[in-house]
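So you can see what is in the structure, the chains are spelled out below.
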Amino acid sequence: MVMKWLFSLRLQEDNLFLRAVIQEEPFNAQSETAKIKDFSDKIGGIVTFLGVVRDLNEGNEVQSLFLEHYPGMTERQLEEIARAACDRWNVLAISIIHRIGSLHPNDEIVFVGVGSEHRAEAFMACEYIMDYLKTNAAFWKKEQSVNGSRWLVTRDNDLKAANRWISDSVSPDNEAEY
């Protein structure tokens with residue numbers, strides 16, 4: 001199988017590994033996690049998030065999900081989100097993979113992996129990245145169900161999750177110990 005990347009950014013600078021990919025093809029989460037682990041012996045914790053297509057959304061049986069993005073803009077947004085996480089926490093490696101195209105229930109949509117010296121920073125950076133991917137990255141999702149198709153909108157809970165980072169109410173000092 002030939003992997004088709006629509007966008008791929010890989011930077012290694014100042015002991016930072018940053019990878020952001022937009023692609024149609026499936027990815028291997030275990031392989032992606034290994035790339036983070038292999039980047040530096042200083043990494044003491046890796047946190048990953050794997051998003052998958054649900055079979056049920058808001059009471060509707062999901063048959064498929066079609067994802068689109070805004071070429072040029074979305075790539076910049078992924079890099080900005082990753083760099084903002086790096087500026088906020090002491091992370092050594094970030095990998096973001098987001099799929100587009102037609103997906104079905106149980107298909108993997110997104111992978112976010114963060115490696116850092118300590119787990120608390122990796123957890124927070126990973127959560128931050130996901131919160132901003134859900135609200136600030138130019139991806140659009142069209143859901144097909146037995147009741148027809150509809151474009152999905154950002155949920156209020158996702159906006160609230162992203163907004164908590166703006167107020168700086170989440171920090172290593174007031175988060176639960178991991």
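Residues numbered from 1 in each chain as written. Predicted model: local features only at pLDDT ≥ 70, side-chain atom pairs only at ≥ 80, totals over all residues. Heavy atoms only, no water.

### A word on the pattern of salt bridges
Move 1: With the rule as written, the count across this model stands at nine salt bridges.
Move 2: Among the salt bridges present, the one from Arg-83 reaches Glu-79, with a minimum N-O distance of 2.9 Å. Here Arg-83 and its partner Glu-79 are both found in helix H2 (residues 73-88), four residues apart, which amounts to about one turn of the helix.
Move 3: On the basis of relative accessibility, which here comes to 25%, the residue Glu-79 falls in the partly exposed class.
Move 4: In this structure, Glu-127 and Arg-164 form a salt bridge, with 2.6 Å as the shortest nitrogen-oxygen distance. Of this pair, Glu-127 sits in helix H3 (residues 119-136) while Arg-164 sits in helix H4 (residues 156-166); the two residues are 37 residues apart in sequence, bridging distant segments of the chain.
Move 5: Judged by relative accessible area, which is 31%, Glu-127 ranks as partly exposed.
Move 6: One salt-bridge network, in which partners are shared between bridges, spans Arg-19, Glu-32 and Lys-35. (Salt bridge = Lys/Arg side-chain N within 4 Å of Asp/Glu carboxyl O. Helix = DSSP H or I, 4+ residues; strand = E, 2+ residues; numbered from the N terminus. Buried < 20%, exposed > 50% of the residue type's maximum accessible area, 1.4 Å probe, protein only.)

### As for the confidence of the model for the protein
Move 1: Across the protein, the average pLDDT comes to 87, with 85% of residues at or above 70.
Move 2: Ignoring residues within four places in sequence, the model shows residues 1-7, a span with pLDDT below 50, making 21 contacts including any to other chains.
Move 3: Residue range residues 173-178 is modelled with pLDDT below 50. Its contacts to residues more than four positions away, or to other chains, number seven contacts. (pLDDT = per-residue confidence, 0-100. Contact = heavy atoms within 4.5 Å.)

### Comments concerning the side chain of His-98
Move 1: Within the secondary structure layout, His-98 lies in strand S6 (residues 91-99).
Move 2: Residue contacts for His-98: discarding those within four places in its chain leaves Val-21, Ile-22, Gln-23, Leu-67, Ile-109, Val-110 and Phe-139.

### Quick notes on the nonpolar core
Move 1: Within the largest apolar cluster, 37 residues are counted, with the highest numbers of intra-cluster contacts made by Trp-89, Ile-94, Ile-96, Val-112, Val-114, Ile-129 and Leu-133.
Move 2: Per-element tally for this core: the top contributor is H3, with nine residues.
Move 3: Setting aside its immediate chain neighbours within four residues, Ile-96 contacts Arg-19, Ala-20, Val-21, Leu-78, Ala-82, Phe-111, Val-112, Ile-129 and Leu-133.
Move 4: Core analysis: the second largest hydrophobic core is formed by nine residues, Phe-17, Ile-43, Leu-92 and Ala-93 among them. (Core = buried A, V, L, I, M, F, W, Y, C linked by side-chain atoms within 4.5 Å.)

### Considerations on the packing of aromatic side chains
Move 1: Under the criterion given, the structure shown has six aromatic pairs.
Move 2: With centroids separated by 5.5 Å and ring planes inclined at 80°, the aromatic side chains of Tyr-128 and Trp-165 adopt a geometry described as edge-to-face. Within this pair, whereas Tyr-128 is found in helix H3, its partner Trp-165 is found in helix H4, the two being separated by 37 residues in sequence. For the residue pair Tyr-128 and Trp-165, the accessibility class agrees, reading buried in each case.
Move 3: Among the aromatic residues, ring-to-ring pairing joins Trp-89, Tyr-128, Tyr-132 and Trp-165 into one connected group. (Phe/Tyr/Trp six-rings, centres within 6.5 Å; stacked < 30°, edge-to-face > 60°.)

### A closer look at the packing of H3 against H4
Relative placement of two packed helices is described by the angle separating their axes and the distance separating the axes.
Move 1: It is at 9 Å that the axes of H3 and H4 come closest, and there the two elements cross at 125°. Between H3 and H4, the angle is such that the two are oblique. The way H3 lies across H4 gives a crossing that is left-handed. Facing H3, whose interface residues are Met-124, Glu-127, Tyr-128, Asp-131, Tyr-132, Lys-134 and Thr-135, H4 presents Asp-158, Leu-159, Ala-161, Ala-162, Arg-164, Trp-165 and Ile-166.
Move 2: Residues belonging to the contact of H3 with H4 are distributed by class as follows: eight nonpolar, one polar and five charged. (Axes fitted to C-alpha atoms, helices over the stretch in contact; angles between N-to-C directions. Parallel < 35°, antiparallel > 145°, perpendicular 65-115°, else oblique. Left-handed = near helix turned anticlockwise from the far one by under 90°. Nonpolar A, V, L, I, M, F, W, Y, C, P; charged D, E, K, R; others polar.)

### A short note on the packing of H2 against H3
Move 1: Interaxial distance between H2 and H3 falls to 10 Å at its minimum, and their mutual angle equals 150°. As the angle between them shows, H2 and H3 are arranged roughly antiparallel. Crossing hand, H2 versus H3: right-handed. Residues Gln-77, Leu-78, Ile-81, Ala-84, Ala-85 and Arg-88 of H2 pack against Ala-125, Tyr-128, Ile-129, Tyr-132, Leu-133 and Asn-136 of H3.
Move 2: Class assignment for the residues of the contact of H2 with H3 results in nine nonpolar, two polar and one charged.

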